[in-house]
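The chain contents come next:
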Amino acid sequence: MTDFNLSRRTFVGAAAGAAGSVLLGSEAFAQSAGALRKVKVMSSLPTLTSAATYLAQARKFDQAHGLAMEILQTGGSSSLQIDGVISKNADFGCPGSGTALDAIREGADIKILGAFANNQIAMVISNEQMKKSGVSASAPIADRIRALKGATIATNPVGATYYMMFRTILKQYGLDPDKDVRLVGIQESSAMISGIQQGRFDAICSASGIVEQAIALKAGTVWFSGARGDFPGSDKNMVIVLIARTETCEKEPALVDAMRAAYGDALTAINDNHAASGALLKERYFPKFDPEVWKMVWEGAKAAYPRKMIFPRQAYDFWIENDPKGAASFKNVDYKKIVFPAAMG
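Residues numbered from 1 in each chain as written. Predicted model: local features only at pLDDT ≥ 70, side-chain atom pairs only at ≥ 80, totals over all residues. Heavy atoms only, no water.

Visitor: Could you clarify how one ought to interpret the pattern of salt bridges in this entry?
Guide: Charged atoms that come close allow side chains of opposite charge to pair. For the coordinates displayed, the defined rule picks out 12 salt bridges. Of the charged contacts in the structure, one is a salt bridge between Asp-230 and Arg-144, with a shortest N-O distance of 3.3 Å. Note that Asp-230 is positioned in the loop between β9 (220–225) and β10 (240–245) and Arg-144 in helix α8 (residues 141–146), a separation of 86 residues in sequence. Take Asp-230 and Arg-144: they sit in the same class, and that class is buried. The network of salt bridges with common partners includes Asp-102, Arg-105, Glu-106, Asp-323 and Lys-325. (Salt bridge = Lys/Arg side-chain N within 4 Å of Asp/Glu carboxyl O. Helix = DSSP H or I, 4+ residues; strand = E, 2+ residues; numbered from the N terminus. Buried < 20%, exposed > 50% of the residue type's maximum accessible area, 1.4 Å probe, protein only.)

What follows is the structure, encoded as structure tokens:
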């Protein structure tokens, strides 16, 4: 998930287990539509963060609600997803929460339809760096974070959701992200993996399901993981959202309800049938992922997903309060106007 750097002028010019109210709307849509309604959904490549998107398609939850999802992959770029939705090249997008809110602040006419992953930030530290730090991977989280002082760390590009999250974590535990560590923004996850393997980076930090691949190469050890609950309150820091144009929400609310219901079903499956959902995702989207590492990562992510397709006020507050430009920069943004009513929780 990368930074959103389009201008305000670009925005203006670009012009089976869901909640009852959502399910009723989706059923009404399915019945009235007859044939499946084709929808284009822009998403990042498969990661644990984007699991609900891919599971909704794999388990045909979209079809259960009258939809036929076509997933358009955008690498790790949230900006492309937002731009694609605004320009009508896609009906829905799945950007990082922080990036979506930044875009809205700059004038993007989109609404948040709910969030479908909690904080899933993860770090793998090189074996050499861990030995040098004198701190073990089982030490208290505060000690592990402070042990990063002086390290060169590859992470997502400046402005990306996990970039912003990582800076917040560093500050929370007493490190200055601009002085105490060297952050290197990397667009491609493969470059992170090869970089730590070749010794260019002391650690790599991004979404769970990406950085852990370095473990199979014996290049490092998991240093922290939001998905397994290393950070208190991770369930409140929702990191990825479903978006649509405001026009779509106003003119086709039944379509939005159907999409939210499909995601709601996916979240129910992930939470209530975690092992089976993981097996399907592994087979379909992560075939080359080391089986033992996958097992460790997926089993450790049992609390990594919300049960409802919502984006509550506390999640909104977290992101604007930790935005580099400060909460005051959102003075013209109204939470109740940018979040779909049923997604307010």
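There is more to say, and it comes next.
Visitor: Would you explain the sheet that holds strand β1 (residues 37–43) in this entry?
Guide: The strands making up a sheet associate through hydrogen bonds between their backbones, and the pairing can be parallel or antiparallel. Taken in spatial order, the five strands make up an open sheet running β2-β1-β3-β10-β4, and their pairing is mixed. Each edge of the open sheet carries a strand with a single partner, namely β2 (67–73) and β4 (110–117). The pairing of β4 with β10 spans six bridges and is classified as antiparallel. Along β10, the bridge assignment pairs Lys-111 with Ala-244. (Pairing = 2+ DSSP bridges.)

Visitor: What exactly am I supposed to notice about helix α9 (residues 161–172) here?
Guide: The α-helix winds at 3.6 residues per turn, so residues separated by three or four positions along the chain end up facing the same way. Taking 1.5 Å as the rise per residue, α9 with 12 residues should run 16 Å; its terminal C-alpha atoms sit 17 Å apart, in good agreement. The buried count for α9 comes to 10 of 12 residues, which makes it a mostly enclosed element. All of the buried residues along α9 are Thr-161, Tyr-162, Tyr-163, Met-164, Met-165, Phe-166, Arg-167, Thr-168, Ile-169 and Leu-170. Once α9 ends, the next one or two residues include Gly-174, with phi positive near 90°. (Expected span 1.5 Å × (residues − 1).)

Visitor: How do you make sense of the nonpolar core when you look at a structure like this?
Guide: As a rule of thumb, soluble globular proteins bury nonpolar side chains together. Core analysis: the biggest nonpolar cluster contains 107 residues, and Ile-145, Leu-148, Phe-224, Tyr-263 and Phe-311 have the highest contact counts within it. In terms of residue count, the dominant contributor to this core is helix α13 (residues 253–272) (10 residues). Apart from residues lying up to four places away in sequence, Ile-145 is in contact with Ile-169, Leu-170, Tyr-173, Leu-175, Trp-223, Phe-224 and Phe-231. The next biggest cluster of nonpolar side chains, apart from the first, holds 14 residues, and it includes Val-124, Ala-154, Ile-196 and Val-222. (Core = buried A, V, L, I, M, F, W, Y, C linked by side-chain atoms within 4.5 Å. Contact = heavy atoms within 4.5 Å.)

Visitor: Help me understand the side chain of His-274 in this model?
Guide: Here His-274 shows up in helix α14 (residues 274–285). The residues touching His-274, leaving out its near neighbours within four places in the chain, are Ala-269, Trp-298, Ala-301 and Lys-302.

Visitor: Hey, could you run me through the side chain of Thr-161 in this one?
Guide: Assignment of secondary structure puts Thr-161 in helix α9. According to the relative accessible area criterion, Thr-161 is buried, its value standing at 0%. One polar contact links Thr-161 to Thr-99, side chain to side chain, over a distance of 3.4 Å. (Polar contact = N/O pair within 3.5 Å; in protein donor to acceptor, adjacent residues only side chain to side chain.)

Visitor: Explain the packing of aromatic side chains to me, please; I cannot follow it from the model alone.
Guide: Any pair of aromatic rings gets described here by the distance separating the centres and the angle formed by the planes. According to the stated counting rule, one finds 11 aromatic pairs in the structure shown. Members of the aromatic cluster, connected to one another through ring pairs, are Phe-286, Phe-289, Trp-294, Trp-298 and Tyr-305. (Phe/Tyr/Trp six-rings, centres within 6.5 Å; stacked < 30°, edge-to-face > 60°.)

Visitor: Honestly, unusual backbone geometry in this entry has me stumped. Any pointers?
Guide: The phi angle of most residues is negative, glycine excepted, and most peptide bonds adopt the trans form. One non-glycine residue, Lys-60, lies in positive phi territory at about 60°. Residue position: Lys-60 is located in the loop between α3 (51–58) and α4 (61–64). The backbone of Lys-218 shows a phi angle near 60°, a positive value even though the residue is not glycine. For Lys-218, a relative accessible area of 70% corresponds to the exposed category.

Visitor: Please clarify how the sheet that holds β9 should be interpreted in this entry.
Guide: With mixed pairing, five strands are arranged side by side in an open sheet as β7-β6-β8-β5-β9. The open sheet is flanked by β7 (182–185) and β9, the only strands paired with a single partner. Strand-to-strand twist in this sheet, taken as the mean axis angle between neighbours without regard to direction, amounts to 25°. Bridge count for strand β6 (residues 152–155) against strand β8 (residues 203–207) is two bridges, and the pairing is parallel. Bridge assignment links Ala-154 to a residue of β8, and that residue is Ile-204. Against the sheet, α9 touches β5 (121–126), β6, β7, β8 and β9, its axis set at about 70° to β5. Against the sheet, helix α10 (residues 189–197) touches β5, β6 and β8, its axis set at about 160° to β8. (Axes fitted to C-alpha atoms, helices over the stretch in contact; angles between N-to-C directions.)

Visitor: Would you mind showing me how to read the environment of Met-130 here?
Guide: Within the fold, Met-130 resides in helix α7 (residues 127–133). Sequence separation between Met-130 and Ile-310 is 180 residues; the distance between their C-alpha atoms is 38 Å.

Visitor: Would you take a moment to explain the environment of Met-259 for this structure?
Guide: Structurally, Met-259 can be placed in helix α13. In this structure the C-alpha to C-alpha distance between Met-259 and Gly-66, which are 193 residues apart in sequence, comes to 9.1 Å. Not counting residues up to four positions away in its chain, the partners in contact with Met-259 are Val-39, Val-41, Leu-67, Met-69, Phe-92 and Leu-242.

These figures come from the coordinates and say nothing about function on their own.
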